[in-house]
Amino acid sequence: MQAVVHGFSSSGLAVAVAAAALLASLAGCTSAPDPPDQQSPTVLSSPATATATAPKTRAFVAVLEKYSEEMRARGATAVIIQLKSRLGEWSSAEGIRSLETQEPVQLSDQTHIGDITTTMVAVSVMKLVEEGKVLLDDPIQKYLPDFENIIKPPGPITIRSLLSHRSGMPDYWVSPIHIVDGPFTHEQRVSLVAGMPWTGGSGSLYSYSGTNYSASALLVEKLRGKDIGEVIHDDNVVPLALQDTLMTGEQPGPQRMLHGYTRTETGELEDKALAPFHTGSPDTGMISTVPELNTYFAALQKGTLLTLQSVQEMHHPKYETFGLGLVRQYDECSNNDYFGHVGVVRGYAALALISADGSRQVAMAVAREPVPDPVGFEDWRSLEMAEAAVNALNLAC
């Protein structure tokens, strides 16, 4: 197994962190490049302070090391993690980039980020709100008169309800779609659920549905006159000068792509990197890196991408566990919340969370164990990833 672990910086001293146990089936060690200096680790004020925080540091490092070790033991081909806090920065890159090349994985490798894409779409919608081009409580039908020619909603469907998964719209992921096919247009994704029952209309109870973001992409494209990948690039990537965050299908493509795999019912491995299904998808289409995910969510939380008023609207307490394109997780350190998202697609899982005050954040990417079962935003593997991330953050305060 190839493994690289970067220690914490603390009073100018690097704290060494042991790598996970090596698997006999893979061999060789190498070094990954230092993480980009996009958010410097906090340096503690004195050696005495560093000594006092050492047990905490070991505690949350141990949580993340255990998670990485368990994922690799189950068959994950790669696990990448980066945590930043006032105690410093810790990162780990374990495994291989692909089974074909056996190249060691690097911290800066690109990966599918799945549903984290929806956060970027939500930011683009909120930019339209800030410009006065739409109102959150307006029905999407106001801007897309042809919407009801694609699907028959039970009534007006507000933009707010789409972004918060409270529209009651069925999820195309549970339609008879064959997910190895693609690419699909937004209209096609919406039309896949045209004959399925709604759980209600605007103001329904929370029910996660990727179709909400296909509808949101139609809105964005209509008002911007560009495809959703271009809009995400302009609104989310360019302001932060991100180099490795892009929409699937855009050129030039990823140069250092992490490969995730599934296994067919007959036992054959299938490489899911750059699957056509995700091309241009507003709920699964983006590719990024673990360090750039941390950079992105730090900037969003700080108010760099949107006004702080818009950011507060995205994670207002009225949304309970899911806001406008953001997941909420309880932060026991501050009695507040972590904000971010989890992304799960076949062969991959990704996560990014940041504390309300921006002092603690973690991003993770896993090329998961090859399994034949379909996956989704709330499958048990994503919940397990979120649990490890929250536990580590709670130990990093």
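What you are looking at is a predicted structure, and each value in this text was computed from that prediction instead of being measured.

Caption draft 1: Quick look at the overall build of the protein. Scanning the protein for helices and strands turns up ten helices and 14 strands. Considering only intrachain contacts with a sequence separation of at least 6, the fraction spanning at least 24 residues in the protein is 71%.

Caption draft 2: Local environment of the nonpolar core. One finds Ile140, Ile159, Leu163, Tyr296, Phe297, Leu300 and Met314 to be the most contacted residues of the largest nonpolar core, which totals 67 residues. In this view, Leu300 contacts Thr119, Val123, Leu305, Leu306, Val311, Met314 and Leu326; residues no more than four positions away in its chain are not counted. Grouped together as the second largest cluster of nonpolar side chains are 28 residues, Ala76, Ala349, Val362 and Ala389 included.

Caption draft 3: Examining the state of the cysteines more closely. Counted by the stated rule, this structure contains one disulfide. Note on cysteine connectivity: Cys333 is disulfide-linked to Cys397, with sulfurs 2.2 Å apart. Handedness of the Cys333-Cys397 disulfide follows from its S-S torsion of about -75 degrees: it is left-handed. Within this pair, whereas Cys333 is found in the loop between β11 (327-331) and β12 (336-345), its partner Cys397 is found in the segment after α10 (380-394), the two being separated by 64 residues in sequence.

Caption draft 4: Highlighting α10. Under the 1.5 Å per step criterion, the end-to-end length of α10 is 21 Å for 15 residues, consistent within 8% with the ideal 21 Å. Within α10, eleven of the 15 residues are buried, which leaves the element mostly enclosed by the surrounding structure. Listing the buried residues of α10 in full gives Arg381, Ser382, Glu384, Met385, Ala386, Ala388, Ala389, Val390, Ala392, Leu393 and Asn394.

Caption draft 5: Examining the side chain of Thr284 more closely. Its location among the elements puts Thr284 in the loop between β9 (269-271) and β10 (286-288). When its relative accessible area of 1% is taken as the criterion, Thr284 is described as buried. Looking at Thr284, its side chain comes within polar contact range of the side chain of His278, at 2.8 Å. Other than its neighbours up to four places away in sequence, Thr284 contacts Gly114, Thr117, Trp173, His278 and Val345.

Caption draft 6: Highlighting the packing of aromatic side chains. Considering all chains together, one arrives at seven aromatic pairs under this definition. Between the aromatic rings of Tyr206 and Phe322, the centroid separation amounts to 5.7 Å while the plane-to-plane angle is 25 degrees, which identifies the pairing as stacked. Of the two residues, Tyr206 is situated in the loop between α5 (186-191) and α6 (211-224) and Phe322 in the loop between α9 (308-314) and β11; the sequence distance between them amounts to 116 residues. Here Tyr206 falls in the partly exposed class, since its relative accessible area comes to 25%. Of the residues examined, Phe322 reaches a relative accessible area of 1% and is grouped as buried. Looking at Arg189, its charged tip hangs above the ring of Phe277, at a distance of 5.0 Å from the centre.

Caption draft 7: Here's a closer look at the sheet that holds strand β7 (residues 246-247). Strand order in the open sheet formed by three strands is β6-β10-β7, and the pairing between neighbours is antiparallel. At either end of the open sheet lies a strand with only one pairing partner, and these are β6 (111-112) and β7. Of the pairings in the sheet, the one linking β6 to β10 comprises two bridges and is antiparallel in character. Of the residues in β10, the one forming a bridge with Thr111 is Ser288.

Caption draft 8: The arrangement of the pattern of salt bridges in detail. Applying the stated criterion to the full structure yields 14 salt bridges. In this structure, the salt-bridge partner of Glu131 is Lys133, at a minimum N-O distance of 2.9 Å. Of the charged contacts, one joins Asp337 and Arg328 as a salt bridge, the two residues approaching to 2.5 Å between their closest N and O atoms. For the pair Asp337 and Arg328, one class covers both residues: buried.

Calculation notes
Residues numbered from 1 in each chain as written. Predicted model: local features only at pLDDT ≥ 70, side-chain atom pairs only at ≥ 80, totals over all residues. Heavy atoms only, no water. Helix = DSSP H or I, 4+ residues; strand = E, 2+ residues; numbered from the N terminus. Contact = heavy atoms within 4.5 Å. Core = buried A, V, L, I, M, F, W, Y, C linked by side-chain atoms within 4.5 Å. Buried < 20%, exposed > 50% of the residue type's maximum accessible area, 1.4 Å probe, protein only. Disulfide = S-S within 2.5 Å. Expected span 1.5 Å × (residues − 1). Polar contact = N/O pair within 3.5 Å; in protein donor to acceptor, adjacent residues only side chain to side chain. Phe/Tyr/Trp six-rings, centres within 6.5 Å; stacked < 30°, edge-to-face > 60°. Lys NZ or Arg CZ within 6 Å of the ring centre and 35° of its normal. Pairing = 2+ DSSP bridges. Salt bridge = Lys/Arg side-chain N within 4 Å of Asp/Glu carboxyl O.

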